[in-house]
Amino acid sequence: MLIQAENISVIRNKKEILKNVNINIQERDFVTILGPNGGGKSMLLKCLLGFYNPDFGSVTKSSKLRVSYTPQDFTVDKSIPIRALDFIMLNKSKKNKKINDIFQELNIENILNQQLSTLSGGELQKILITRSLIDNPNLLILDEPTQNLDVSGQLNFYKFLNRIYESRNISILMVSHDLHMVMASTKKVICLSNHICCSGEPSTITDDPEFANLFGHDFANMMSLYRHDINHKHNGESDD
Amino acid sequence: MIDNFIINALIAGICVSIIAGGLGCFIVWKKMAYFGDSLSHSSLFGIALGIILGFNATIGTFITCLIFAGFLSYLQNKKIFSNDTLLGILAHASLSIGIIAISLSGQYVNLDAYLFGDILTVTNQEINFFIIAAIAVTSSLFFIWEKLVLITINEDIARAENINTKIIQSIFLILLVVFVATCVKIVGILLITSMLIIPAATSRQITNSPGNMAIVSGLLGIISIICGVYLSIIADIPTGPSIIFVLTLIFVLVLSIYRKN
């Protein structure tokens with residue numbers, strides 16, 4: 001176990017943002033949290049990170065945990081002149097010799113010398129993730145990393161993230177709205193609407209009635225079609 | 001032979017420019033221009049207290065600005081009103097109370113000197129104070145620099161990396177208060193914010209890193225102080241406005257030459 005929340009509840013303005021939420025992140029997990037706006041997704045991440053203490057319940061962290069975080073809605077104001085490289089190294093040890101390897105591995109060397117405020121949404125996300133990998137974390141927490149990306153940008157980003165997941169001994173916990181991409185790349189999905197409605201592997205969760213309640217029956221059907229389409233290659237022959 | 005009062009004025013001005021160079025960048029980055037303005041307005045209340053209770057106006061300013069900044073941060077966290085509403089109320093309330101207090105005190109006070117500054121009357125004792133303030137603020141800012149830049153770019157990332165954002169931000173506010181308290185004498189309450197913002201905004205046009213922006217901003221301040229004091233003597237015009245006039249002139253010049261953005 002890397003980090004675990006047990007029965008946490010958060011109350012803001014007399015409203016339960018989180019209600020008896022349990023979550024447990026293991027080594028090599030790839031978990032995505034889905035859910036409506038205002039469903040407490042970001043709050044859950046912030047409780048795990050320790051920004052807020054839950055009103056009830058507890059968060060336990062393993063002593064091995066080295067967490068890094070990329071926030072929602074990351075944009076940089078034009079008034080701050082800073083190169084991508086300088087931002088990555090901000091408040092980090094300048095003696096780290098593996099940095100150039102990371103730049104090479106993630107293929108971002110061509111944008112390192114550009115001003116942060118001139119980078120595209122996709123490039124910014126790459127820079128953020130690069131920065132978060134510098135201290136060799138074993139858990140990446142990402143809050144809606146693809147929010148400002150178009151569809152091809154999202155696809156690129158998930159490829160990028162999958163490469164990191166495959167090449168490192170790392171766990172990923174992510175909040176996302178891109179259901180199609182999530183179903184294809186993640187290992188476990190948690191649906192959060194103030195409480196955990198349902199959770200499980202992407203291939204089974206679309207059958208859960210709670211999933212249909214949360215995202216609408218049409219959508220659930222569409223997602224399960226999508227899943228069957230993928231499975232078709234494996235199951236098609238035996239079915240015929 | 002340069003007169004002693006001019007040398008004092010230049011030393012004081014250079015100290016203030018050095019402080020303003022670094023702090024001003026954060027004011028621009030954090031969009032705190034109105035905050036700086038309100039803080040300086042509140043300093044008149046401190047000056048009034050100093051006059052009435054008979055202690056140094058700089059100390060009075062420092063204490064009221066500190067209370068003002070703390071109170072403001074507290075109210076901002078409460079999020080009852082938007083920031084600019086809050087700043088507008090507090091700034092002008094304390095400015096009015098300050099002026100009422102001065103007029104009730106029955107003493108003659110040269111309000112012009114406080115509103116527009118009076119760098120040419122800086123005394124030898126005050127010079128020591130300016131030098132100490134410049135060294136203290138610059139070295140504190142240097143110490144928290146990277147953390148404060150990171151917080152400015154994104155507070156959540158800084159928090160996730162175990163930076164105590166509240167302490168760093170409070171240090172920044174205290175440094176800002178020190179600046180306002182020392183600078184009132186130089187350019188005056190009404191022009192303090194320009195001392196922070198104009199050099200930083202000018203420097204932004206010609207630099208590409210946070211550190212360089214602060215250094216160039218400080219240098220521009222120093223140049224403007226020297227030229228502004230000189231201009232005020234030869235043209236017999238008020239010194240504070242003269243300094244700001246030179247700053248603005250450089251800003252417009254740089255903007256027209258380097259309009260790369």
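Our subject is the structure listed above.
Residues numbered from 1 in each chain as written. Chains lettered and ligands numbered in written order. Predicted model: local features only at pLDDT ≥ 70, side-chain atom pairs only at ≥ 80, totals over all residues. Heavy atoms only, no water.

Re the overall build of chain A
- Within chain A one finds nine helices and nine strands.
- Taking 18 Å as the expected radius of gyration for a compact globule of 240 residues, we find that chain A reaches 19 Å, a close match to that expectation.
- Scored against the burial criterion, the 240 residues of chain A give a buried share of 51%.
- Total accessible area on chain A is roughly 11,700 Å²; 46% of this is exposed by carbon and sulfur atoms.
- A gap of 10 Å separates the mean positions of the 26 positive and 27 negative side-chain charges of chain A. (Helix = DSSP H or I, 4+ residues; strand = E, 2+ residues; numbered from the N terminus. Rg over C-alpha atoms; globule rule 2.2 N^0.38 Å. Buried < 20%, exposed > 50% of the residue type's maximum accessible area, 1.4 Å probe, protein only. Areas by Shrake-Rupley, 256 points an atom, 1.4 Å probe, with all protein chains shown as cover. Lys, Arg positive; Asp, Glu negative; His and termini not counted. Charge placed at Lys NZ, Arg CZ, Asp CG, Glu CD.)

A word on the nonpolar core
- In terms of nonpolar packing, the biggest core is built from 126 residues, with Phe87 of chain A together with Leu23, Phe179, Ile186 and Met195 of chain B touching the most fellow members.
- Discounting chain neighbours no more than four positions away, the residues touching Phe179 of chain B are Val16, Ile19, Ala20, Leu23, Ile192, Met195 and Leu196 of chain B.
- Among the nonpolar cores identified, the runner-up in size contains 28 residues, and Ile25, Leu49, Val175 and Leu192 of chain A belong to it. (Core = buried A, V, L, I, M, F, W, Y, C linked by side-chain atoms within 4.5 Å. Contact = heavy atoms within 4.5 Å.)

With respect to helix α9 (residues 192-206) of chain B
- Along α9 of chain B, 12 of the 15 residues are buried, which leaves the element largely enclosed by surrounding structure.
- Those residues of α9 of chain B not exposed but buried are Ile192, Thr193, Ser194, Met195, Leu196, Ile198, Pro199, Ala200, Thr202, Ser203, Arg204 and Gln205 of chain B.

A word on the interface of chain A and chain B
- Listed per partner, the contact involves 24 residues of chain A and 23 residues of chain B.
- Taking both partners together, chain A and chain B bury about 2,100 Å²; carbon and sulfur atoms supply 58% of that area.
- It is Phe51, Pro81 and Asn91 of chain A in chain A that bury the most area against chain B; as a group they hold 29% of the surface buried on that side.
- Our count for the chain A to chain B interface comes out at five salt bridges.
- Lys46 of chain A is the partner of Asp156 of chain B in a salt bridge, and the nearest nitrogen-oxygen pair spans 3.5 Å.
- Taken together, the connections running from chain A to chain B amount to 11 residue pairs in polar contact (both at pLDDT 80 or more).
- The set of elements that each furnish at least two residues to the side of chain A that touches chain B consists of α1 (41-49), α2 (84-89) and α4 (121-133) of chain A.
- Among the elements that make up the side of chain A that touches chain B, the one with the highest residue count is α2 of chain A (three residues).
- Of the residues contributing to the side of chain A that touches chain B, the split by class is 13 nonpolar, three polar and eight charged. (Buried area = accessible area lost by both parts, 1.4 Å probe. Salt bridge = Lys/Arg side-chain N within 4 Å of Asp/Glu carboxyl O. Polar contact = N/O pair within 3.5 Å; in protein donor to acceptor, adjacent residues only side chain to side chain. Nonpolar A, V, L, I, M, F, W, Y, C, P; charged D, E, K, R; others polar.)

Some words on the packing of aromatic side chains
- Following the criterion strictly, the structure yields nine aromatic pairs over all chains and no others.
- Between Phe74 of chain A and Phe87 of chain A, the aromatic rings sit 5.7 Å apart at their centres with planes inclined by 35°, giving tilted as the arrangement. On the criterion of sequence distance, the pair formed by Phe74 of chain A in the loop between β5 (67-70) and α2 and Phe87 of chain A in helix α2 is long-range, its members being 13 residues apart.
- By way of ring pairs, the aromatic residues Phe26, Trp29, Trp145 and Phe172 of chain B are connected into one cluster.
- Sitting above the plane of the Tyr52 of chain A ring, Arg12 of chain A keeps its charged end 5.3 Å from the centroid.
- We note Arg159 of chain B situated over the ring of Tyr52 of chain A; from NZ or CZ to the ring centre the distance is 5.8 Å. (Phe/Tyr/Trp six-rings, centres within 6.5 Å; stacked < 30°, edge-to-face > 60°. Lys NZ or Arg CZ within 6 Å of the ring centre and 35° of its normal.)

Description of the sheet that holds strand β8 (residues 188-193) of chain A
Residues and elements named next belong to chain A.
- The strand order β5-β6-β7-β3-β8-β9 describes an open sheet built from six strands, whose pairing is mixed. The sheet is open, and its two borders are formed by β5 and β9 (195-200), each paired with just one other strand. Across the sheet, the mean angle separating the axes of adjacent strands is 15° when strand polarity is ignored.
- Alignment of strand β3 (residues 30-34) against strand β7 (residues 171-175), held across four bridges, turns out to be parallel. Paired with Val31 across the two strands is Leu173, which belongs to β7.
- Along the sheet face, α1 touches β3, β5, β6 (139-143), β7 and β8 and points at about 150° away from the line of β6. (Pairing = 2+ DSSP bridges. Axes fitted to C-alpha atoms, helices over the stretch in contact; angles between N-to-C directions.)

Regarding the packing of helix α2 (residues 33-53) of chain B against α9 of chain B
Residues and elements named next belong to chain B.
- Close contact between α2 and α9 brings their axes to 8 Å; oriented N to C, the two are set at 155°. Judged on the interaxial angle alone, α9 and α2 are roughly antiparallel. Where α2 crosses over α9, the two elements pack in a sense that is right-handed. Contacts between α2 and α9 involve Ala33, Gly36, Asp37 and Ser40 on the former and, on the latter, Ile192, Thr193 and Ile197.
- In terms of residue class, the contact of α2 with α9 is built from three nonpolar, three polar and one charged. (Parallel < 35°, antiparallel > 145°, perpendicular 65-115°, else oblique. Left-handed = near helix turned anticlockwise from the far one by under 90°.)

Let's talk about the sheet that holds strand β4 (residues 56-61) of chain A
Residues and elements named next belong to chain A.
- Strand order in this open sheet of three strands is β2-β1-β4, and the pairing throughout is antiparallel. Every interior strand has two partners, whereas the edge strands, β2 (15-25) and β4, have only one. Here the strands of the sheet are splayed against their neighbours by 20° on average, with no regard to which way each runs.

Here's the deal with the pattern of salt bridges
- The full count for this structure, using the stated rule, is 10 salt bridges over all chains.
- The salt bridge partner of Asp55 of chain A is Arg12 of chain A, with a shortest N-O separation of 3.9 Å. Here Arg12 of chain A lies in strand β1 (residues 3-12) and Asp55 of chain A lies in the loop between α1 and β4, a separation of 43 residues in the sequence.
- The partner of Arg168 of chain A in a salt bridge is Glu105 of chain A, and the shortest N-O contact between them spans 2.8 Å. Of this pair, Arg168 of chain A sits in the loop between α5 (151-167) and β7 while Glu105 of chain A sits in helix α3 (residues 99-106), placing them 63 residues apart in sequence.
- With a relative accessible area of 17%, Arg168 of chain A lands in the buried category.
- Since its relative accessible area comes to 35%, Glu105 of chain A is described here as partly exposed.
- If you follow the salt bridges from partner to partner, you end up with Lys92, Arg131 and Asp135 of chain A together with Glu161 of chain B in one network.

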